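Chain by chain, the residues run as shown.
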Amino acid sequence: MKKGLLAALAGFLTLAMAQKFSVEAGAGFYGGFGGQLAVVAEDLAPGLPLGVRLGVGFATSDALDDGYDLGGGTTWGDVKEAGKFSEWGQNVTLSLDVLYKPSGLGLPVEVAPYFGVRYNFFSGGYTDPEDNLTIKAQTISSNQLGLGLGVRAAYPLMPNLSLVGDLGVDYYFQACFKSVGEDDSGNKSESSVCPGDSGYEDVNKFVTQPEWVLKLRLGAAYRF
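The rules behind these values
- Residues numbered from 1 in each chain as written.
- Predicted model: local features only at pLDDT ≥ 70, side-chain atom pairs only at ≥ 80, totals over all residues.
- Heavy atoms only, no water.
- Core = buried A, V, L, I, M, F, W, Y, C linked by side-chain atoms within 4.5 Å.
- Buried < 20%, exposed > 50% of the residue type's maximum accessible area, 1.4 Å probe, protein only.
- Helix = DSSP H or I, 4+ residues; strand = E, 2+ residues; numbered from the N terminus.
- Contact = heavy atoms within 4.5 Å.
- Phe/Tyr/Trp six-rings, centres within 6.5 Å; stacked < 30°, edge-to-face > 60°.
- Lys NZ or Arg CZ within 6 Å of the ring centre and 35° of its normal.
- Pairing = 2+ DSSP bridges.
- Salt bridge = Lys/Arg side-chain N within 4 Å of Asp/Glu carboxyl O.

Peer 1: Can you walk me through the nonpolar core in this structure?
Peer 2: Leu-64, Trp-76, Tyr-126, Ile-140, Phe-177, Phe-206 and Val-207 are the most contacted members of the largest nonpolar core, which totals 13 residues. Contributing elements (two or more residues each) for this core: strand E7 (110-127) and helix H3 (200-206). With residues up to four places along the chain from it excluded, the contact list for Leu-64 reads Trp-76, Glu-87, Tyr-126, Ile-140, Phe-206, Val-207 and Thr-208.

This is the structure in structure tokens:
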């Protein structure tokens with residue numbers, strides 16, 4: 001959490017140096033379907049073809065791997081279907097990118113390769129609405145640091161309005177899992193497991209926290 005706040009603070013300080021700003025909104029695929037809101041700062045210094053984008057995104061997620069073998073050839077998908085469990089998952093991502101904006105390419109679109117850091121809040125789990133288990137619900141979460149790179153392309157529709165496409169890939173490092181379970185009586189229990197702990201690899205195979213994530217979004221940007 002502190003790392004995410006530090007990244008956001010660094011982004012805001014950089015934005016304060018900019019001469020031009022764009023507000024950007026996009027939707028598409030990021031491991032699941034979702035969208036992103038961002039502020040893009042341009043002209044950080046005279047003659048310097050760099051910009052900075054600070055964004056927050058949301059995407060749905062398949063929280064638990066249906067193909068995970070629970071033992072004896074029985075998968076989580078089999079148990080979920082038989083028990084009629086309800087599964088959910090989501091990723092909320094803070095991102096800070098540095099964009100390189102070369103000039104003189106002669107293209108009808110403005111192309112900007114970028115590289116940046118990510119801080120992702122993953123959460124997901126399942127509920128047992130028909131009381132087939134003694135566990136009524138379980139939630140698993142993790143906070144991950146990551147890196148990303150890609151290309152942003154902007155096609156001008158009006159002097160201050162552009163159609164924006166974003167294609168990239170992000171990588172996230174392994175992080176600790178926190179699990180919160182609630183039984184049928186409403187009693188809650190918590191546990192955690194971190195990289196290097198016994199059993200972590202099994203949990204990491206079962207829980208689909210992000211690792212490599214393909215990003216494909218389309219949206220619009222309004223420049224001030």
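Peer 1: Looking at this structure, how should I read the packing of aromatic side chains?
Peer 2: For any pair of aromatic rings, the description rests on two quantities: the centre-to-centre distance and the angle between the ring planes. Using the criterion set out here, one finds eleven aromatic pairs in the structure. Consider the rings of Tyr-171 and Phe-173, whose centres lie 5.4 Å apart with planes at 85°: the pair is edge-to-face. Judged by its relative accessible area of 26%, Tyr-171 is partly exposed. What makes Phe-173 partly exposed here is its relative accessible area of 38%. Note on Tyr-171 and Trp-212: the rings are 4.8 Å apart at their centroids and 50° apart in plane angle, and the pair reads as tilted. Of this pair, Tyr-171 sits in strand E9 (residues 161-172) while Trp-212 sits in strand E12 (residues 212-223), and the two are 41 residues apart along the sequence. Taken together, Tyr-68, Trp-76, Phe-85, Tyr-126 and Phe-206 form an aromatic cluster joined through their ring pairs. Above the ring of Tyr-114, the side-chain terminus of Arg-53 is found at 4.6 Å from the ring centroid. Looking at Arg-217, its charged tip hangs above the ring of Tyr-30, at a distance of 5.0 Å from the centre.

Peer 1: Would you mind going over the pairing of strand E1 (residues 20-30) with me for this structure?
Peer 2: When a strand is regular, its side chains alternate between the sheet's two faces. Examined bridge by bridge, E1 and strand E2 (residues 33-42) share ten bridges and lie antiparallel to one another. In the sheet register, Ser-22 faces E2, and the bridge partner there is Val-40. Where E1 folds back on E2, the antiparallel hairpin that results is connected by two residues, among which Gly-31 adopts a positive phi of roughly 75°.

Peer 1: I would appreciate a short explanation of the side chain of Ser-162 in the present structure.
Peer 2: With respect to the element layout, Ser-162 can be found in strand E9. For Ser-162, a relative accessible area of 17% translates into the label buried.

Peer 1: Where do I start with the side chain of Lys-80 in this structure?
Peer 2: Here Lys-80 shows up in helix H2 (residues 76-83). Residue Lys-80 is classed as buried on the basis of its relative accessible area of 17%. Lys-80 has contacts with Asp-66, Phe-85 and Glu-87, leaving out every residue within four places of it along the chain.

Peer 1: What exactly am I supposed to notice about the pattern of salt bridges here?
Peer 2: Where charged atoms from two side chains of opposite charge come close, those side chains can pair. Applying the stated rule across the entire model yields 14 salt bridges. Salt-bridge contacts for Glu-190 lead to Lys-178; the nearest nitrogen and oxygen are separated by 3.9 Å. Linking Glu-190 in strand E11 (residues 188-193) with Lys-178 in strand E10 (residues 177-183), this pair joins segments that are twelve residues apart in sequence. Take Glu-190: its relative accessible area is 59%, and that puts it in the exposed class. Owing to a relative accessible area of 40%, Lys-178 belongs among the partly exposed residues under this scheme.

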